[in-house]
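Residue strings, one per chain:
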Amino acid sequence: MDFVTGLRCRECARTYPAAALHVCDYCFGPLEVAYDYEALRASVTRAEIESGPQTIWRYASLLPVSDPHPIDLGAGCTPLVRADRLAAELGLGELWIKNDTANPTGSFKDRVVSVALTKARQLGFKVAACASTGNLANAVAAHAARAGMVSVVFIPRDLEVAKIVTTAVYGGHVVAVEGTYDDVNRLCAELTSEHPTWAFVNVNVRTYYAEGSKTLAFEVAEQLGWQAPDHVIVPVASGSQLTKVAKGFTELHAVGLLDEEPHVRVSGAQAAGCSPVATAFAEGTDAIRPVKPHTVAKSLAIGNPADGWYALQTVRSSGGAFESVTDEEILDGIRLLARTEGIFAETAGGVTIATLAKLAAQGVVRRDERVVAYVTGHGLKTVEALVSSVGPSVTIAPTMEAFHRAVDIDVDVIGGAR
Amino acid sequence: MSVSVRVPAQLRTLTGGEAHVAVEGATVGAVLKALDVAHPGFADRIFDTDGTLRRFVNVFLADEDVRFLDGLDTPVADGQTLSIVPAVAGG
């Protein structure tokens, strides 16, 4: 069974049944899943979760759909890695990386899609669709293939080659649109009205989809021994992930899984070439002006973020901050994480790490805090961004002479290669 | 100017189920006001009490967000299409 009581508008509190609805018919505010927290508190236990599968479905009670056989490729339960070498470089103390590159299709989107399509199938949908900057396209195409659903994914035409190939390989329909992600998103929002029998995971079933991101908080808390961190750094595109990470920690306490009330500072990371929410934060305004994105971090290139306003409120009320970083800083961030911790992130991960570095230098992220940085997509998806700056140290003929002439690696046995 | 307005599913109860409605107006704001006259209830749903568009309503003229143009003051040309689209989507 699930503990869902229905859907509720975040703006005007009107209630709706748990159907394929994403906005309030009256005020167009976003609908959110409402749960019976009292019943959850009486039912859910750490022991039950700990004996569950090594996937997001160990938290099924706290998700908006109950199904003995969810549409599942094994999303979730990704490593939480203590990052001492990176912490030392940044002057931080206890730093952890939530390595969500380790998901089945290489990004956190497997979490939200597994939830969304399981619910969509339960609601009777046979077509899985989405508007995507790439990672979501991968996850929808793969999960739909596994479930035997038809997939129709819409992407901007100029996406990274890897993200197009890793979507198309699953055999669904891939529609490349001549425009930005915001154009694709507008098209899909309009198509939803004309194709009500299609489940657009981030439009008409977005209410359920978004809830999948709570598992990013659930897992971190469980991996830290059922404790919340002091500060999290989350990349921001639509802003949904950030708000749901914050909600995840709050919810764990509400249902009695955390002993202490969490006070997690939530900070948001954006690329300078697409920073509508960071700009509103810096200007101290509530008005998020849409922008035309121009950044190497294409997975974060949403100029008109649906949950930007909520992400802004979440960051402000938690005592966190927003920062934005340039393309050069993003690529430096990717290399810094790879060099210090052996984790290869896509450009969005570079945004997270570069923002972490910036906030650490500003003293916003502090040495006395337990910090978790969310790295949510794999570097192999965006290798194009690095081909001009990363490559062989040297190219030689296959002879000893050539090697000795060209290569002089000074290895300190204790400290490793320098 | 006659403009075709694309109506999202959420508002089609106001148009008797019609997805496209033709109305007259010289600006985006005038078109939306004319829409409310032709199909009472629109203004209440898409405008805040101060007359600005609600936070979660996006309006596109010929597929361009009017916030990149002159907002409600954007002039419209005969035969253009205006879309009302819920903002909560994507990401």
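Everything numeric here is computed off the predicted structure, so don't read it as measured data. (Residues numbered from 1 in each chain as written. Chains lettered and ligands numbered in written order. Predicted model: local features only at pLDDT ≥ 70, side-chain atom pairs only at ≥ 80, totals over all residues.)

## A word on the overall build of chain A
Looking only at helices and strands, chain A features 15 helices and 15 strands. What you see for chain A is a C-alpha radius of gyration of 21 Å, in line with the 22 Å of a compact globule of 418 residues. With respect to the principal axes defined by its C-alpha atoms, chain A has extents near 75 × 50 × 45 Å. Within the span of chain A, comprising 418 residues, buried residues form 57% of the whole. (Helix = DSSP H or I, 4+ residues; strand = E, 2+ residues; numbered from the N terminus. Rg over C-alpha atoms; globule rule 2.2 N^0.38 Å. Buried ≥ 20, exposed ≤ 12 C-beta atoms within 10 Å, placed from the backbone.)

## Some thoughts on the environment of Gly106 of chain A
All names here are of chain A. Tracing the sequence through the fold places Gly106 in the loop between β5 (94–99) and α4 (109–122). When the C-alpha atoms of Gly106 and Ile353 are compared, they prove to be 18 Å apart, with 247 residues separating the residues in sequence. Apart from the residues lying within four places of it in its own chain, the contact partners of Gly106 are Thr101, Asn138, Gly377, His378, Leu380 and Lys381. (Contact = placed C-beta atoms within 7 Å.)

## Concerning the environment of Glu11 of chain A
Topologically, Glu11 of chain A is positioned in the loop between β1 (4–9) and β2 (15–16). Between the C-alpha atom of Glu11 of chain A and that of Cys24 of chain A, which follows or precedes it by 13 residues, the distance is 8.6 Å.

## Observations concerning the sheet that holds strand β3 (residues 31–35) of chain A
All names here are of chain A. The three strands lie next to each other as β2-β1-β3, forming an open sheet whose pairing is antiparallel. On the outer flanks of this sheet lie β2 and β3, each paired with one strand and no other. Two strands pair when backbone bridges link them, and β1 and β3 are joined in this way by five bridges, in the antiparallel orientation. Its bridge partner being in β3, Leu7 is matched across the sheet by Val33. (Pairing = 2+ DSSP bridges.)

## Side note on the interface of chain A and chain B
Accessible area lost on assembly of the parts is the figure often given for the size of an interface. Listed per partner, the contact involves 30 residues of chain A and 22 residues of chain B. Counting residues per element, the side of chain A that touches chain B draws most heavily on helix α7 (residues 181–194) of chain A, at six residues. Here the residues of the side of chain A that touches chain B are counted per class, giving 16 nonpolar, nine polar and five charged. (Nonpolar A, V, L, I, M, F, W, Y, C, P; charged D, E, K, R; others polar.)

## Comments concerning the environment of Pro8 of chain B
Structurally, Pro8 of chain B can be placed in the loop between β1 (2–6) and β2 (20–24). Its 19 C-beta neighbours within 10 Å are what place Pro8 of chain B among the partly exposed residues. Between the alpha carbons of Pro8 of chain B and Pro75 of chain B there is a distance of 22 Å; along the sequence they are 67 residues apart. What Pro8 of chain B contacts, discounting residues up to four positions off in sequence, is Ser193 of chain A together with Ile84, Val85 and Pro86 of chain B.

## With respect to the sheet that holds strand β12 (residues 322–325) of chain A
Residues and elements named next belong to chain A. Spatially, six strands are ordered β4-β5-β13-β10-β11-β12 in an open sheet, and the strand pairing comes out mixed. Every interior strand has two partners, whereas the edge strands, β4 (80–82) and β12, have only one. Across the sheet, the mean angle from the axis of one strand to that of its neighbour is 25 degrees, orientation sign disregarded. Bridging between strand β11 (residues 265–271) and β12 involves four bridges; their strand directions are parallel. Residue pairing across strands places Gln270 opposite Ser324, the latter belonging to β12. Most of the contacts of helix α14 (residues 347–361) go to β12, to which it runs at about 120 degrees, and overall it touches β10 (231–235), β11, β12 and β13 (370–375). (Axes fitted to C-alpha atoms, helices over the stretch in contact; angles between N-to-C directions.)

Read these as geometric descriptors, not functional statements.
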